[in-house]
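Summary of structural features
So you can see what is in the structure, the chains are spelled out below.
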Amino acid sequence: MNERIIPGMLAIGLGSALVLAVLVPVVAVTYRRRGRFGPGELAVLVAVPVYGLAILGYTLPPLPQVDAAFCAGRTAADSLQTRPFAFVGDIARIAARQDATGARAWLANAAVQQVVLNVVLFAPLG
């Protein structure tokens, strides 16, 4: 299985388990307060945990192994993104190493996937 699909599958699986665990209490409380529990409430109840777990799954891992070798020679500026639009150079560098051309090359480019997923996952928060 592709390593980029695993966080999404985990988010769907764990989010579904979380929804099933809290479904009955949330439905009971919502129905008691409002007198109804419609499809909109159900969509929010399902989407929020899956969305949150997807953001966590795609943004946190892989965490680096922090040891003396990792910290050697690093400065505070190394840990920050100090070059705006650095992803453009990353896209060009990865595209130069690929064999595919056209739309297939764009879809297979890891830097393009990173930018697209960042926009898709964080746009609802904005």
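Attention in this report is confined to the structure presented alongside it. (Residues numbered from 1 in each chain as written. Predicted model: local features only at pLDDT ≥ 70, side-chain atom pairs only at ≥ 80, totals over all residues. Heavy atoms only, no water.)

1. Points about the overall build of the protein chain
As a reminder of what qualifies: Going along the chain from the N terminus, every DSSP run of H or I of four or more residues is numbered as a helix, and every run of E of two or more is numbered as a strand. A simple rule labels every residue: compare its accessible area, found with a 1.4 Å probe on the protein chains alone, to the largest value its type can have, and call it buried under 20%, exposed over 50%, or partly exposed in between. Contacts: residue pairs with any heavy atoms within 4.5 Å of one another. Computed with a 1.4 Å probe, the accessible areas rest on the Shrake-Rupley method; for each residue, only the protein chains presented here act as cover.
Regarding its fold elements, the protein chain presents 6 helices and 0 strands. The secondary structure elements of the protein chain, listed N-terminal to C-terminal, are α-α-α-α-α-α. Classification of the 126 residues of the protein chain by burial places 17% in the buried group. Put simply, 55% of the contacts in the protein chain that link residues at least 6 apart link residues at least 24 apart. Total accessible area on the protein chain stands at roughly 9700 Å², and carbon and sulfur atoms take up 68% of it.

2. Regarding the environment of Ala110
Counting through the fold element by element, Ala110 comes out in helix H6 (residues 110-122). Its relative accessible area of 28% is what places Ala110 among the partly exposed residues. Placed 19 residues apart in sequence, Ala110 and Ile91 show a C-alpha to C-alpha distance of 7.8 Å.

3. Details of the pattern of salt bridges
Applicable threshold: Every case where a carboxyl oxygen of Asp or Glu lies within 4 Å of a side-chain nitrogen of Lys or Arg is listed as a salt bridge.
Considering all chains together, one arrives at 3 salt bridges under this definition. Here Arg36 and Glu41 are joined by a salt bridge, their closest N and O atoms 2.7 Å apart. Owing to a relative accessible area of 49%, Arg36 belongs among the partly exposed residues under this scheme. What makes Glu41 buried here is its relative accessible area of 17%. For Asp90, the salt bridge identified is with Arg93, shortest N-O distance 3.0 Å. Residue Asp90 and its partner Arg93 are both found in helix H4 (residues 86-97); the two are separated by 3 residues, about one turn of the helix. A relative accessible area of 47% means that Arg93 is categorised as partly exposed.

4. Details of the packing of aromatic side chains
The following threshold applies: Stacked, tilted and edge-to-face are the three classes applied to pairs of Phe, Tyr and Trp rings, where Trp contributes its six-membered ring and a pair requires centres within 6.5 Å; stacked means planes under 30 degrees apart, edge-to-face means over 60, and tilted covers the rest.
Tallied over the entire structure, the rule returns 1 aromatic pair. Their ring planes at 55° and their centres at 6.0 Å tell us that Phe85 and Phe87 sit as a pair that is tilted. The class for Phe87 is partly exposed, based on a relative accessible area of 34%.

5. Considerations on a nonpolar patch on the surface
Where we set the bar: Note on patches: the residues involved have over 30% relative accessible area and no salt bridge, like charges join within 9 Å, and the nonpolar side chains Val, Leu, Ile, Met, Phe, Trp and Tyr join within 5 Å.
A surface patch of nonpolar side chains, amounting to about 270 Å² of accessible area, comprises Ile5, Met9 and Ile12. Its place among the elements puts Ile5 in the segment before helix H1 (6-34). With relative accessibility at 40%, the residue Ile5 sits in the partly exposed group.

6. Focus: the packing of helix H2 (residues 39-59) against H6
Helix-helix packing is characterised by the crossing angle of the two axes and by the distance between the axes. The test is simple: Axis angles are defined between N-to-C directions and span 0 to 180 degrees, where every axis is a line fitted to C-alpha atoms and, for a helix, only to the segment in contact. Oblique is the label for every angle not falling under 35 degrees (roughly parallel), over 145 degrees (roughly antiparallel), or within 65 to 115 degrees (roughly perpendicular). Helix crossings get a hand from a simple test, with the near helix turned counterclockwise from the far one by less than a right angle marking a left-handed crossing and a clockwise turn marking a right-handed one. Amino acids are sorted into nonpolar (Ala, Val, Leu, Ile, Met, Phe, Trp, Tyr, Cys and Pro), charged (Asp, Glu, Lys and Arg) and polar (every other residue, Gly among them).
Where H2 meets H6, the closest approach of the two axes is 11 Å, and the angle between their N-to-C directions is 150°. Overall, the two elements H2 and H6 adopt an arrangement that is roughly antiparallel. Seen along the crossing, H2 lies across H6 with a hand that is left-handed. For the pair H2 and H6, the contacting residues are Tyr51, Ala54, Ile55, Tyr58 and Thr59 in the first and Leu117, Leu121 and Phe122 in the second. Residue classes in the contact of H2 with H6 are distributed as 7 nonpolar, 1 polar and no charged.

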